[in-house]
Amino acid sequence: MHDVGGSSYSSRSSWHSAAALAGAVLLLSGCSSGLPGYHPPPARTSGAAASSAAPSPTAVPYGTTLVQLIAPVNTAMAEIAGAGSLDALAGAMTDVQSAASAAATGLQNADAPAAVADAHRQLYVGLDQLATDLGQVQTDITDNKVCATSSALAEAGQSQGLKDVPAALATLSTAGYPATLTVPPTGAPQHRALDNGSFVREGERDGLGELTVENGGDADAVLTLTHGTDAVYSFYVLKGQTAKVTGIRDGQYDVYFAGGFDWDAASKRFTQSCAFTKFDDGLNFNTTDSTYSTWKLTLQPVAGGNASTTDIPEGSFPVP
């Protein structure tokens, strides 16, 4: 509770056919041996001596193997650069994971020249790490720890594998085995926030109603009052702080709040650790000749609190 204050054949027939054929050959040889000008056929060599040894397969050069294995990783990386949504980005990361893991396995089975053994090992270890790191980003997307392409890319940019793979490839290129990995821009992690009490949407404030919000949760919040699905008032409350809004017009309002970190003012949403909640009961602001409404909300589970809340999907949250 939160608190509101206010595929077979016959072997026998095969043997008979072979015997008949042999007899015919012997008979022909006996009749022809006394003829003038006859020359016996040259002696046959044994099958083993007549056949030459099969050539050994030519080993694929290391440089060719390297390029063939890195190429699919580059192709998948290009998908990341073109991802226009969080779902598309997650799918592109799955493709990079698969390509990186396959390349790592292929390189472990390849014979690297002794001169580049260390860089070779660094490369396949880095590719394995890259696959692991991107898997974590995908998990964080599923768990709403990252809620926008910007934050997902920023987290991917912190991957140790994404640093080790280009470094190993640079060493191999210097040694005469050129191959590169094209890493798309990822940006840096951001920690944007508004000042405590700042309006995200400031409706008409010519009423007398007052609302105080105490944020005792573990993330920043944006509190929104709506008429139906339309946001009327939205304001920012920093983690651990209290904000008060005055001048609220009379009326019945539904109450929502979004929690998270790194507020993107352009999209009006948190990009990290996002959560969306609705108070089950709304707030009524009413002014009389002698009274006006004041309410206090606590954004934190409170033992014995009198305000129940429901987690909602992002699509049900009104745009502030």
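Attention in this report is confined to the structure presented alongside it.

Conventions we followed
Residues numbered from 1 in each chain as written. Predicted model: local features only at pLDDT ≥ 70, side-chain atom pairs only at ≥ 80, totals over all residues. Heavy atoms only, no water. Helix = DSSP H or I, 4+ residues; strand = E, 2+ residues; numbered from the N terminus. Buried < 20%, exposed > 50% of the residue type's maximum accessible area, 1.4 Å probe, protein only. Areas by Shrake-Rupley, 256 points an atom, 1.4 Å probe, with all protein chains shown as cover. 1 Å grid on protein atoms, 1.4 Å probe; cavity = no way out; pocket = protein on both sides within 12 Å on 5 of 7 lines; lining within 4 Å. Points joined across faces, edges and corners; volume = space filled by probe spheres on them. Nonpolar A, V, L, I, M, F, W, Y, C, P; charged D, E, K, R; others polar. Core = buried A, V, L, I, M, F, W, Y, C linked by side-chain atoms within 4.5 Å. Phe/Tyr/Trp six-rings, centres within 6.5 Å; stacked < 30°, edge-to-face > 60°. Contact = heavy atoms within 4.5 Å. Disulfide = S-S within 2.5 Å.

### Examining the overall build of the protein chain
Next, step 1: Across its full length, the protein chain carries seven helices and 11 strands.
Next, step 2: Going through the 320 residues of the protein chain one by one, you find that 37% of them count as buried.
Next, step 3: Summing over all exposed atoms, the protein chain offers an accessible surface of approximately 17800 Å²; the carbon and sulfur share of this is 53%.

### A short note on the layout of surface pockets
Next, step 1: If you add up the space inside the second largest pocket, you get close to 150 Å³.
Next, step 2: Residue lining of the second largest pocket: 15 residues in total, with Ser151, Ala154, Glu155, Pro189 and Gln272 positioned closest to the centre.
Next, step 3: Within the residue set of the lining of the second largest pocket, elements represented by two or more residues are helix H6 (149-157) and strand E8 (269-279).
Next, step 4: Among the elements that line the lining of the second largest pocket, the one with the most residues is H6, at four residues.
Next, step 5: By residue class, the composition of the lining of the second largest pocket is four nonpolar, eight polar and three charged.

### A short note on the nonpolar core
Next, step 1: Counting 39 residues, the largest nonpolar core has Leu66, Ile80, Leu123, Leu127, Leu169 and Leu172 as its most contacted members.
Next, step 2: Breaking this core down by element, the ones donating at least two residues are helix H3 (62-82), helix H4 (86-108), helix H5 (117-142), H6 and helix H7 (160-174).
Next, step 3: Considering each element in turn, this core owes the most residues, 11 residues, to H4.
Next, step 4: If you look at the next biggest cluster of nonpolar residues, it comprises 21 residues, including Leu211, Ala221, Leu225 and Phe257.

### Considerations on the packing of aromatic side chains
Next, step 1: Counted under the stated rule, the structure contains 10 aromatic pairs.
Next, step 2: With a centroid separation of 5.9 Å and 85 degrees between ring planes, the pair formed by Tyr256 and Phe317 is classed as edge-to-face. Here Tyr256, found in strand E7 (residues 251-264), pairs with Phe317, found in the segment after strand E11 (309-311); they are 61 residues apart in sequence, far enough to count as distant. Summarising the burial analysis for this pair, Tyr256 and Phe317 share the class buried.

### Let's talk about H6
Next, step 1: Burial in H6 covers these residues: Ser151, Ala152, Leu153, Ala154, Ala156 and Gly157.
Next, step 2: Where the residues of H6 are buried, they touch H3, H4, H5, H7 and E8.

### A look at empty space enclosed by the protein
Next, step 1: Reported here for the largest cavity is a volume of approximately 50 Å³.
Next, step 2: The wall of the largest cavity is formed by Met77, Ile80, Met93, Leu134, Leu153, Ala156, Leu162, Val183, Pro184 and Thr186.
Next, step 3: When residues of the lining of the largest cavity are traced back to their parent elements, those giving at least two are H3 and H6.
Next, step 4: Each residue belonging to the lining of the largest cavity can be placed in one class, and the counts come to nine nonpolar, one polar and no charged.

### A short note on the environment of Gly251
Next, step 1: Along the polypeptide, Gly251 turns up in strand E7.
Next, step 2: For the pair formed by Gly251 and Thr287, sequence separation is 36 residues and the distance between their alpha carbons is 9.4 Å.
Next, step 3: Filtering out sequence-adjacent residues up to four positions away, Gly251 remains in contact with His227, Leu283, Asn284 and Phe285.

### Notes on the state of the cysteines
The bond known as a disulfide is covalent and runs between the sulfur atoms of two cysteines.
Next, step 1: If you walk through the whole model with that rule in mind, you get one disulfide.
Next, step 2: There is a disulfide in this structure between Cys147 and Cys274, and the S-S distance comes to 2.0 Å. Linking Cys147 and Cys274, the disulfide has an S-S dihedral of approximately -110 degrees and is accordingly described as left-handed. A residue pair is termed long-range when its members are at least 10 positions apart, and Cys147 in the loop between H5 and H6 and Cys274 in strand E8 qualify at 127 residues.
Next, step 3: Residue classification places Cys147 among the buried residues on the basis of a relative accessible area of 4%.

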